[in-house]
There are 2 protein chains.
Amino acid sequence: MLLSAEDFLKDFHHTATIGATADGGVDRQAGTAKDGEIRAWFRDWGTERGYPVRVDSIGNMFMLADWTPGVPFVLIGSHLDSQPLAGRFDGAYGVVAAMHVLQEIDSEVRASGHKPPFNLGVVNWFNEEGARFAPSIMGSSVFVGLLDEQNTLTVSDPSGTKVGEALEDIGFLGTDPRPEVAAYAEVHIEQGRILEREGIPLGTVDRSWYTQKLDIEVLGEQSHTGATSMADRRDALVAASKIVVMVNEVTGDFEEDALLSSVGQMHIEPNSPIVVPRRVHLIADLRSDSEEIIQKARATLLAKFDALAADHRVDVNARDFDVRPHRHFPESGLELVEKLMADKGLATRRIRTRAGHDAVALSTKVPSILMFVPSVDGVSHCEREFTEDKDLVTGLDALAEVARALVNGASEQ
Amino acid sequence: MLLSAEDFLKDFHHTATIGATADGGVDRQAGTAKDGEIRAWFRDWGTERGYPVRVDSIGNMFMLADWTPGVPFVLIGSHLDSQPLAGRFDGAYGVVAAMHVLQEIDSEVRASGHKPPFNLGVVNWFNEEGARFAPSIMGSSVFVGLLDEQNTLTVSDPSGTKVGEALEDIGFLGTDPRPEVAAYAEVHIEQGRILEREGIPLGTVDRSWYTQKLDIEVLGEQSHTGATSMADRRDALVAASKIVVMVNEVTGDFEEDALLSSVGQMHIEPNSPIVVPRRVHLIADLRSDSEEIIQKARATLLAKFDALAADHRVDVNARDFDVRPHRHFPESGLELVEKLMADKGLATRRIRTRAGHDAVALSTKVPSILMFVPSVDGVSHCEREFTEDKDLVTGLDALAEVARALVNGASEQ
């Protein structure tokens, strides 16, 4: 049986109806009812086809083809959670592609009567996005031991709900054992413009950028916007706004796009129209292919924060948070993808990922492969995120080739 | 019977236990459970002493001494709601003082057997603070017809709860008729430093500042903080942060404190650490004793917003909101306070209010008097807001003198 692109596309486009937004995106933040809904769909899809689905104690889901009990698994997959008002491709594409690759390879194995050296499983990692619960890439980081599970279960969202409670609420705080993993492969949209610009259908990720966040608290004093003289104020929001601008402008110290920076999240207290804010909490995100650039930008910012604090009579407390050094994907995996695609006459290029991915976490533990397909206009984390069906199918085929090679022991050579 | 300062202080300090915060303040935002709790206390206090309490259809509460049925009321009072993490004096002081003045004058009337030409009532205005539901000074503005009641009942808080629903939830969406009003008097903390600096125990407010807000929406495009090149971004938060700084710095175009400006409230969407924000909504607050200064500052800001929008490829939509022209308190009321206090040997000074007050709304309909007592360090809308007991008692006595004169027809002369 050949891999059916039509069935894959039908299932993939179905996932976009779960948590669909008005403008063609999705909203399925981790641990919400909509995340629960797509998880139930994933579980039912697997059990209906005879693949048992395990759920571990951080909400990761594993759909398994256990041809030879006791043998480790090649895992393929991504994540089904999303940002708020997100695109429908990020994560869901890689999971649905993996589901169809599992079904295809399982058919081949059953038809041939020959069991490969490794089992195969599809994974839906919990909370890759980190929108509701920080940090991102949560489930896969716990899986490989980069994050402590007990601490992670007690992380709270802004309304005080803990990770463990949210998983329990949607019925996905599992107790199943984690499968033993031999190798990992993931296909994802690029979320950048390189493949589109160069007309190359598939990218193989050789390493991730160095990234780090700064968790910044600005403490001023609450006062009346009407009654308080300007000189008497200790306005946390004015100071925090200058920090947002500093974080943006520090990229100008380096070559274009050598450093990416942003403030995506900010909480203001008490956030009342007629009260001068007393506290602002914000997270700055710094990313570069060069650790040296990150360190320079960080030092520049911290020095500026000190001067700002003195000028505005506020306290600025900044701490390093979610520091992610470069992660290198193994050369053998890159060469495997290149060879398999060359055999099919398909152009590939090596590419770096600026964004974090579950595959980056997995690469710290097992041989891992991350492949990208083109993103139209490079946009992501927004409703107009788009990838054409033909590019989705190219990635699906590539994942099938890679998974087939891996269950047959390619990562051992 | 003499006005008992001790009983008044006991009741006043009791109100600070309802919604008490860890650092000595209170949190009783309008329509919340804690607002319901203090309202129940207010109602019980009145009914236990034989004063019926009416609740109108916007949640204003009236505790009435109806000596001569059918005769209009002199109303005295303020508001029991608070900002988040607020001080315990703002509003509650004026209500509790009015309750004790009512009790005192009622005793005098009953003892003398002589009914004055007007009845007397204490009012607790709904939602003076406007922290949860904008705009502020809500209940008194509906009462005098500055705000439409039906529209106001459908105003929502950030979680989507409407004013009418919140009042219903706490059991204070009333149906009682509003009392007819002949005059209004209120005592309040200054929330500024003038009385403290000059060592004067009582201020009489001659007019309010000209104030206006700008409701500002910044629309950019949501994208991935990691993957999106700096040049491709349309970051709503960077642009909004520059607006916060512009609103702050425009005060520098004028003499010190001729213009007060602030941004107290800002909502960011989607507010996720790894998403470039697509929309920011903020409210700028401009106040001056000079309308011309407000108009100049407003024009400067709107021109800067246009340039900013072009520079950052975002839309900036700013609209005028909650514009409050100067309100003048009548000369006769000012002279009444000055004469009564001079008779007691107490110094007073005329003062302007930068902050809005229920008395400012009432002054558009009936002869109104607003008096201030000193605020330590001028701080307000924060937990360290403070006024000494002796100053509270001076204001209590002044309110008693004024109310006694008003029920005897002083505002008619």
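Residues numbered from 1 in each chain as written. Chains lettered and ligands numbered in written order. Predicted model: local features only at pLDDT ≥ 70, side-chain atom pairs only at ≥ 80, totals over all residues. Heavy atoms only, no water.

**Some points on the packing of aromatic side chains**
- Counting across every chain of the model gives 18 aromatic pairs over all chains.
- When the centroid spacing of 5.7 Å and the interplanar angle of 40 degrees are considered together, the rings of Phe62 of chain B and Phe143 of chain B count as tilted. Taken together, the positions of Phe62 of chain B in strand β2 (residues 61-65) and Phe143 of chain B in helix α4 (residues 138-144) put the pair 81 residues apart, joining distant regions of the chain. Each of the two residues, Phe62 of chain B as well as Phe143 of chain B, counts as buried.
- Taken together, Phe8, Phe12, Phe89, Tyr93 and Phe386 of chain A form an aromatic cluster joined through their ring pairs.
- Taking NZ or CZ as reference, Arg49 of chain A lies 4.0 Å from the ring centre of Trp45 of chain A, over its face. (Phe/Tyr/Trp six-rings, centres within 6.5 Å; stacked < 30°, edge-to-face > 60°. Helix = DSSP H or I, 4+ residues; strand = E, 2+ residues; numbered from the N terminus. Buried < 20%, exposed > 50% of the residue type's maximum accessible area, 1.4 Å probe, protein only. Lys NZ or Arg CZ within 6 Å of the ring centre and 35° of its normal.)

**Here's the deal with the sheet that holds strand β13 (residues 348-353) of chain A**
All names here are of chain A.
- The strand order β1-β2-β4-β3-β5-β14-β6-β13 describes an open sheet built from 8 strands, whose pairing is mixed. In this open sheet, the two strands that pair with only one neighbour each are β1 (53-55) and β13. Strand-to-strand twist of the sheet, defined as the mean angle between neighbouring strand axes without regard to direction, takes the value 30 degrees.
- In terms of strand pairing, strand β6 (residues 202-208) meets β13 through 6 bridges, oriented parallel. Residue pairing for β13: Ser208 is matched across the bridge by Thr353.
- With respect to the sheet, helix α2 (residues 33-48) is in contact with β1, β2 (61-65) and β4 (119-124), its orientation differing from that of β2 by roughly 10 degrees.
- Across the sheet, helix α3 (residues 92-112) is in contact with β2, β3 (73-78), β4, β5 (181-189) and β14 (368-373); its angle to β4 comes to roughly 160 degrees. (Pairing = 2+ DSSP bridges. Axes fitted to C-alpha atoms, helices over the stretch in contact; angles between N-to-C directions. Contact = heavy atoms within 4.5 Å.)

**Description of the sheet that holds strand β12 (residues 315-324) of chain B**
Residues and elements named next belong to chain B.
- Spatially, the 4 strands line up as an open sheet ordered β9-β11-β7-β12, and their pairing is antiparallel. Of all the strands in the sheet, the pair left with one neighbour each is β9 (259-269) and β12. Across this sheet, the average inter-strand angle for adjacent strands is 15 degrees, counted without regard to direction.
- Two strands pair when backbone bridges link them, and strand β7 (residues 210-219) and strand β11 (residues 279-288) are joined in this way by 10 bridges, in the antiparallel orientation. Across the sheet, Leu219 pairs through a bridge with Arg279, a residue of β11.
- The sheet strands contacting helix α9 (residues 291-312) are β7, β9, β11 and β12, and the helix crosses β7 at an angle near 5 degrees.

**Details of the pairing of β3 of chain A**
Residue and element names in this part refer to chain A.
- A large share of β3 lies buried, amounting to 6 of its 6 residues.
- Neither face of β3 is open: one carries Phe73, Leu75 and Gly77, the other Val74, Ile76 and Ser78, and all of them are buried.
- In this fold, the crossover linking β3 to β4 by way of α3 has right-handed handedness. (Right-handed = clockwise from strand over helix to strand, strands pointing away.)

**Here we look at unusual backbone geometry**
- The omega torsion across Ala134 of chain A and Pro135 of chain A is 0 degrees, close enough to zero to call that bond cis.
- Within the secondary structure, Pro135 of chain A sits in the loop between β4 and α4 (138-144).
- With omega at -5 degrees, the peptide bond leading from Glu269 of chain B into Pro270 of chain B counts as cis.
- Along the polypeptide, Pro270 of chain B turns up in the loop between β9 and β10 (275-276).
- At Asp322 of chain B, a residue that is not glycine, the phi angle is positive and equals roughly 55 degrees.

**Notes on the packing of helix α1 (residues 5-15) of chain B against helix α12 (residues 389-407) of chain B**
All names here are of chain B.
- Put simply, α1 and α12 touch, their axes get as near as 11 Å, and they point 110 degrees apart. For the element pair α1 / α12, the angle class is roughly perpendicular. In the packing of α1 onto α12, the handedness of the crossing is right-handed. Residues Ala5, Phe8, Leu9, Phe12 and His13 of α1 lie in contact with α12, whose contacting residues are Asp389, Leu392, Val393 and Leu396.
- Broken down by class, the residue content of the contact of α1 with α12 amounts to 7 nonpolar, 1 polar and 1 charged. (Parallel < 35°, antiparallel > 145°, perpendicular 65-115°, else oblique. Left-handed = near helix turned anticlockwise from the far one by under 90°. Nonpolar A, V, L, I, M, F, W, Y, C, P; charged D, E, K, R; others polar.)

**A few points about the pattern of salt bridges**
- For the structure shown, the criterion picks out 68 salt bridges over all chains.
- Of the charged contacts in the structure, one is a salt bridge between Glu292 of chain A and Lys296 of chain A, with a shortest N-O distance of 3.7 Å. Of the two residues, Glu292 of chain A and Lys296 of chain A are both situated in helix α9 (residues 291-312); the distance of 4 residues between them amounts to about one turn of the helix.
- Here Glu401 of chain B makes a salt bridge to Arg404 of chain B, at a shortest N to O gap of 3.9 Å. Pair noted here: Glu401 of chain B and Arg404 of chain B are both in helix α12, with a separation of 3 residues, about one helical turn.
- For Glu401 of chain B, a relative accessible area of 22% puts it in the partly exposed group.
- On the basis of relative accessible area, Arg404 of chain B is assigned to the partly exposed category, the value being 25%.
- Several salt bridges converge on common partners, so that one network encompasses Glu104, Glu108, Lys344, Glu401 and Arg404 of chain A. (Salt bridge = Lys/Arg side-chain N within 4 Å of Asp/Glu carboxyl O.)

**So, the interface of chain A and chain B**
- Contacts between the two partners involve 64 residues from chain A and, on the opposite side, 64 residues from chain B.
- Summing the contributions of chain A and of chain B, the shared interface buries around 5,400 Å²; its carbon and sulfur component is 54%.
- The interface formed by chain A and chain B holds 6 salt bridges in total.
- Linking Glu221 of chain A and Arg384 of chain B is a salt bridge whose minimum nitrogen-to-oxygen distance equals 2.3 Å.
- There are 36 residue pairs in polar contact (both at pLDDT 80 or more) connecting chain A and chain B.
- Of all elements in the fold, only β8 (223-224), α8 (236-249), β9 (259-269) and β11 (279-288) of chain A reach the threshold of two or more residues within the side of chain A that touches chain B.
- For the side of chain A that touches chain B, the class distribution of residues is 25 nonpolar, 24 polar and 15 charged. (Buried area = accessible area lost by both parts, 1.4 Å probe. Polar contact = N/O pair within 3.5 Å; in protein donor to acceptor, adjacent residues only side chain to side chain.)

**Focus on the relation of the copies chain A and chain B**
- With an RMSD of 0.1 Å, the fit of chain A onto chain B corresponds to turning through 180 degrees and sliding 0.0 Å along the axis. Classification of the inter-copy transformation places it as that of a two-fold axis. Every residue of chain A has its C-alpha some distance from the rotation axis, and the shortest such distance is that of Ser241 of chain A, at 2.2 Å.
- In this assembly the copies share their binding face: 100% of the residues contributing to the interface of chain A also contribute to that of chain B. (Least-squares fit on C-alpha atoms with pLDDT ≥ 70 in both.)

**Overview of helix α3 (residues 92-112) of chain B**
All names here are of chain B.
- Compared with an ideal rise of 1.5 Å per residue, which puts 21 residues at 30 Å, α3 spans 30 Å between its outermost C-alpha atoms and is within 8% of the ideal.
- Most of α3 sits inside the fold, with 15 of its 21 residues counted as buried.
- The first or second residue beyond α3 is Gly113, which carries a positive phi of 75 degrees. (Expected span 1.5 Å × (residues − 1).)

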